[in-house]
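So the chains spell out like this:
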Amino acid sequence: MFERLPDESFHYGDFPELSAGVGYFKDLIGIKEWKDRREAAAWHFYRSLVGEQEDPSGEGRFYGLEDLFGWYLFLGEALTDHPQNYEVFYGCRIVPVLAAIGRNLELIPQIKGFNERAKRLIERERSQPNGGLFEMLVAMAYARDGAKVAFKPEEPGRAKAYDLDVEVHGAFWAVECKRFENGDYVESERARKRELWLPATRLIIPSGRSIYAKVDFSVELSDVPDDYLVRHVIDFLHSGKNSNLWTDDFAFGVIGDLDLEPLQTALKNGYLLYPSPVYNKLLTGTYIRYDELNTLQKVKHAQNPHFIDKVDQAVVLRTRSLSEGAIEKKARDFKRKLFDANKQLPDDRPGIIHIGLEALGDDLIEYRRHEKIMKTINDFDPKGKPLSFIYWHYFAPEASPEETWAFDETFQWRGIRGDKRPLTLTSLILPPQAEGRDGVHWDGLPNKTFRSP
């Protein structure tokens, strides 16, 4: 299930940097423990696919939060060693990170405390690995730029200090790293959409019809009546029409019959990976970056349930939630992270703060967040701390019908004092040929239709 045969070709292509990064962490974990953690990640994934694994959070995850890093490593290994298990939507977020670490393994002996930091990540911090991975990427960037780098050791019983000591041309810097996570509001919206849509699907399924609904909400989902989608589904089912269009105080929407013919034609040529962007495009007719789909289907799985053999019925909801209130709450900036990071910096040396952010999706939200971030930066008072530079790094992972994974990375920085900038590199994750560019894009290999799982 997990091992690639010696004479078997790489389905997604050979990716030595990724294999090196995965191998580094697997060696730290140990063979026996890794096999147990890999098995647990696989079972959780496949039981979720067939509906046997309930997500206690109600957020529809394919993975367990108790060992999120195990899931990351499982995906990194799967891409090249057992691609039948690779999950493209989450994989595009972690594959470039593990590959970046693998590409820079020769720097690890130069970074004091790196292995100890990695061990803490794979053990105590396995449920929240993003912060530790971000620290490692920042440390490698400074080392790659010629600096002397050391992780600040933990001191039991004392408040958390900054993350890295960095020496550049005889100048000493304290570096603090913060990884900014998407807020609870995004997850609460997803849960609310399921609450609104599930009763409606119970009316559609007995009809045997395949239905597609697209709804752009103009108010926050918490203000939408509980029976809102149910009422529009009833109106459509009773109308005798192929589609209904509506506009009211809550949303603009359209609901109609879904043509499964393109999907069913593709399935005649072989199994289709699910979930995947290729499958979603065949199902709905369009691909949308950072799509928001709720899908209920009657399907026949292949022997490997990560692949679909036949689809008899599909009920699909595609939504956007772009009310002023939703945009404002989703577009959180990093004011609190910046404040906390500054507190952790020492008083006796110049400090640097790095903050990592993942793209939220819709451009309207990103524009609003950018405005907030710039205001926060312009208004920020270090309260007497010798803070010299603030770097913030934007990461935009994507899986599309054309690319198994793709990764955009941009960065901005602000000098607080007149010090010379200690880090000249512009990217933490992307390859060296991308350095020095404002916006950079790293492509994976084409997505595939599988003839057999």
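Residues numbered from 1 in each chain as written. Predicted model: local features only at pLDDT ≥ 70, side-chain atom pairs only at ≥ 80, totals over all residues. Heavy atoms only, no water.

So, on to the nonpolar core. Buried together is how nonpolar side chains tend to be arranged in soluble globular proteins. Ranked by internal contacts, the top residues of the largest apolar core, which has 75 residues, are Phe-25, Trp-71, Leu-133 and Tyr-142. Ile-211, Val-224, Tyr-228 and Ala-251 belong to the second-largest nonpolar core, a separate cluster that totals 21 residues. (Core = buried A, V, L, I, M, F, W, Y, C linked by side-chain atoms within 4.5 Å. Buried < 20%, exposed > 50% of the residue type's maximum accessible area, 1.4 Å probe, protein only.)

Turning our eyes to something else, we now look at the confidence of the model for the chain. In this model, the chain carries a mean pLDDT of 89, and residues with pLDDT of at least 70 account for 90%. Overall, residues 448-453 carries pLDDT values under 50, and its contacts beyond four positions in sequence, including any with other chains, amount to 20 contacts. (pLDDT = per-residue confidence, 0-100. Contact = heavy atoms within 4.5 Å.)

Its location among the elements puts Gln-313 in strand β10 (residues 307-321). A polar contact is formed between the side chain of Gln-313 and the backbone oxygen of Arg-209, at a distance of 2.8 Å. (Helix = DSSP H or I, 4+ residues; strand = E, 2+ residues; numbered from the N terminus. Polar contact = N/O pair within 3.5 Å; in protein donor to acceptor, adjacent residues only side chain to side chain.)

Compared with an ideal rise of 1.5 Å per residue, which puts 12 residues at 16 Å, helix α8 (residues 228-239) spans 17 Å between its outermost C-alpha atoms and is within 8% of the ideal. Among the residues of α8, Tyr-228, Leu-229, Val-230, His-232, Val-233 and Phe-236 are the ones counted as buried. For α8, the secondary structure elements touched by its buried residues are α7 (184-204), β5 (211-217), β6 (243-247), β7 (251-257) and β10. Trailing α8 by a residue or two, Gly-240 shows a phi angle of about 75°, which is positive. (Expected span 1.5 Å × (residues − 1).)

Below, the discussion takes up the pairing of strand β2 (residues 148-151). Looking along a regular strand, one sees side chains alternate from face to face of the sheet. By the bridge criterion, two bridges tie strand β1 (residues 111-112) to β2 in an arrangement that is parallel. When the sheet's bridge partners are listed, Ile-111 is paired in β2 with Val-149. Relative to strand β3 (residues 164-168), β2 runs antiparallel, the two sharing four bridges. Counted as the bridge partner of Val-149 is Val-166 from β3. (Pairing = 2+ DSSP bridges.)

Turning our eyes to something else, we now look at empty space enclosed by the protein. A complete count under the given rule lists one cavity of 30 Å³ or more for this structure. For the largest cavity, the calculated volume is near 190 Å³. Arg-93, Val-97, Asn-130, Arg-179 and Glu-358 are the residues nearest the centre of the largest cavity, which is lined by 15 residues in total. Among the secondary structure elements, those contributing two or more residues to the lining of the largest cavity are α4 (88-103), α6 (130-144) and β12 (387-398). Here the residues of the lining of the largest cavity sort into 11 nonpolar, one polar and three charged. (1 Å grid on protein atoms, 1.4 Å probe; cavity = no way out; pocket = protein on both sides within 12 Å on 5 of 7 lines; lining within 4 Å. Points joined across faces, edges and corners; volume = space filled by probe spheres on them. Nonpolar A, V, L, I, M, F, W, Y, C, P; charged D, E, K, R; others polar.)

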